[in-house]
Amino acid sequence: MRVGVGGAIIDGRYRRGDVEVVDGRIASYGLSPRGHGLALPGLVDLQVNGYAGVDFSTASVEEYESALSSLRSHGVFAVQPTFITASEDDLAKAVRAAAAAQQRYRSCAILGVHIEGPFLSPNHRGIHRPEYLRQPDGQLLNRLRSCGPVRTITVAPELDGALGLISDAVASGLVVQLGHSAASAEQANEGFNRGARSVTHIFNGMRAFSHRDPGIVGAALARTDVIIQIIADRVHVADEAVQLVLNAARHRVVLVTDAISAAAAPDGRYTAGGNQVIVQKGVARLDDGTLAGSTAPLIQQIRNVIDFGWSTEAAVNMASRQPARLHGRSDLGTLCGGGPADMVIVDDAFQPVRILAAGTDVLP
């Protein structure tokens, strides 16, 4: 079967021409074009708090189905449900629901869950509820891990006990990210030296960068071993700041949505981690004006990065290949000869028009 596109992102690079699929795998590419669309690998979103009216912090197993289906309709093939700070009982319940959904549904793979709190700075908590913030506690983390597939945690490295927790978590196989933190650059580097591998939505929820006090932002950008996660929805971070990050660390940048239940849904009132959120013109805020996550699909962030002047292949890799590699998943986020034909076909406006899983149309 010829897919009927004018080009494809193969092995992370743009290849002009059509793609042929045989028995669910990519048999050849670079064929005479038979269309004007572009074939992308399935996208990977590492920070999703909710989607299509579903808040993952409180979602039932059944509610996951509609959220995962909507995510895939926007090109996302793998996701990491993210839970913000809550009581231990509520976090445990959320992890158990994600574990059950991971086993039941395959429309969008659940990589594991991201526990974004409660080991965060009260001074940079964003919408995380202060009554549930905790000092780093390995026993609490282990109890949550016993409930299901905890894969990632966010930690403020300046908190008492944070460095020991980071070391232990990394040794046990978790991905540790630094964020929601007042850490200095020195404190951030101590966390990275203990094995923290990434920064949670750079600029948001952390000490502001300055030339004499660069904080986590400066430490992460100055190193070459840290993955930079950023929300490029043109709301959370100014265009110039996104450009700064891309210029400094292009091959280390991962686009994340930080999506809430209002993503892929109309304006109105929603919940996000136990908070009431009002969405107006696609921007989600608490009643006091605090930004409360994003509503823009990941494909929109790719379009934004392209609008900033970056190549299509670079922008797509930031939302597919690079996040998959952070989690050691070479089977995701890449199209390659002989590999599964899991792809998103977008039109000239970069809107998804076909979703193929193993070469079979799963959505019109």
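These figures come from a predicted structure and were not determined experimentally.

Engineer: How should I be thinking about the nonpolar core in this particular structure?
Structural biologist: In globular proteins that are soluble, nonpolar side chains generally tend to be buried together. Among the nonpolar cores identified, the biggest contains 92 residues, and Tyr64, Phe83 and Ile228 are the most heavily contacted of them. Here this core takes 7 residues from helix 2 (residues 88-104), the largest share from any one element. Among residues more than four places away in sequence, those in contact with isoleucine 228 are Val199, Ile202, Ala220, Leu221, Val245, Ala249, Arg252, Val253 and Val254.

Engineer: Help me out: how do you make sense of the pattern of salt bridges in this one?
Structural biologist: Once the charged atoms of two side chains with opposite charge are near each other, the side chains can pair. All chains considered together, the criterion is met by 11 salt bridges. Between glutamate 88 and arginine 143 there is a salt bridge whose closest N-O contact spans 2.6 Å. Here glutamate 88 is found in helix 2, whereas its partner arginine 143 is found in helix 3 (residues 138-145), with 55 residues between them in sequence. With its nearest N and O atoms 2.5 Å apart, the salt bridge here joins arginine 234 to aspartate 239.

Engineer: How do you make sense of the state of the cysteines when you look at a structure like this?
Structural biologist: Simply put, disulfide is the name for a covalent bond between the sulfur atoms of two cysteines. Evaluated as defined, the whole model comprises 0 disulfides. As a non-bridged cysteine, cysteine 108 has cysteine 336 as the owner of its nearest cysteine sulfur, 20 Å distant. Owing to a relative accessible area of 0%, cysteine 108 belongs among the buried residues under this scheme.

Engineer: Explain the environment of lysine 93 to me, please; I cannot follow it from the model alone.
Structural biologist: Assignment of secondary structure puts lysine 93 in helix 2. C-alpha separation for the pair lysine 93 and valine 113, spaced 20 residues apart in sequence, amounts to 12 Å.

Engineer: Would you take a moment to explain unusual backbone geometry for this structure?
Structural biologist: Residues other than glycine predominantly adopt negative phi, and peptide bonds predominantly adopt the trans conformation. The omega angle of the peptide bond from glycine 117 to proline 118 is 25 degrees, so this bond is cis rather than trans. One can find proline 118 in the loop between strand 11 (113-115) and helix 3. Here the phi dihedral of histidine 180 falls at roughly 45 degrees; this positive angle occurs in a residue that is not glycine. Its place among the elements puts histidine 180 in the loop between strand 13 (175-178) and helix 5 (185-193). One non-glycine residue, histidine 201, lies in the positive phi region at around 30 degrees. Of note, histidine 201 is situated in the loop between strand 14 (198-199) and helix 6 (215-222).

Engineer: Quick question: what am I supposed to make of the sheet that holds strand 18 (residues 275-280) here?
Structural biologist: The pairing of strands in a sheet happens through backbone hydrogen bonds and is either parallel or antiparallel. Pairing within the open sheet is antiparallel, and its 3 strands lie in the order 17-18-19. Across the chains shown, the open sheet's two edge strands, defined by having one partner strand only, are strand 17 (268-272) and strand 19 (283-285). The average angle at which neighbouring strand axes cross in this sheet is 35 degrees, direction not considered. Across 5 bridges, the pairing between strand 17 and strand 18 is antiparallel. Across the sheet, residue threonine 271 finds its bridge partner in strand 18, namely glutamine 276.

Engineer: Looking at this model, I keep getting lost on the sheet that holds strand 20 (residues 343-346). Mind explaining?
Structural biologist: In space, the 6 strands of this open sheet follow the order 2-1-5-20-21-22, with mixed pairing throughout. Two strands lie at the open edges of the sheet, namely strand 2 (13-16) and strand 22 (360-363), each paired on one side alone. Strand after strand, the sheet turns through a mean of 30 degrees between neighbouring axes, direction not considered. As paired elements, strand 1 (residues 7-10) and strand 2 share 4 bridges and run antiparallel to each other. Residue pairing in the sheet places isoleucine 9 in a bridge with tyrosine 14 of strand 2.

Engineer: I keep staring at the packing of helix 2 against helix 3 and nothing clicks. Help me out?
Structural biologist: When two helices pack together, their arrangement is given by the angle between the helix axes and by the axis-to-axis distance. Contact geometry for helix 2 and helix 3: axes closest at 9 Å, N-to-C directions at 35 degrees. Touching Glu88, Leu91, Ala92 and Val95 of helix 2 are Leu140, Arg143 and Leu144, all from helix 3.

Engineer: It is not clear to me how the pairing of strand 6 (residues 43-48) should be interpreted in this structure. Could you clarify?
Structural biologist: Here is the key point about a regular strand: its side chains alternate between the two faces of the sheet. Counting buried positions along strand 6 yields 6 of 6 residues, so the element is predominantly enclosed. Inspection of the sheet shows strand 6 paired to strand 9 (residues 76-83) by 4 bridges, in the parallel sense. Each bridged residue has a counterpart across the sheet, and for leucine 43 the counterpart in strand 9 is valine 76.

Rules of the game
Residues numbered from 1 in each chain as written. Predicted model: local features only at pLDDT ≥ 70, side-chain atom pairs only at ≥ 80, totals over all residues. Heavy atoms only, no water. Core = buried A, V, L, I, M, F, W, Y, C linked by side-chain atoms within 4.5 Å. Buried < 20%, exposed > 50% of the residue type's maximum accessible area, 1.4 Å probe, protein only. Helix = DSSP H or I, 4+ residues; strand = E, 2+ residues; numbered from the N terminus. Contact = heavy atoms within 4.5 Å. Salt bridge = Lys/Arg side-chain N within 4 Å of Asp/Glu carboxyl O. Disulfide = S-S within 2.5 Å. Pairing = 2+ DSSP bridges. Axes fitted to C-alpha atoms, helices over the stretch in contact; angles between N-to-C directions.

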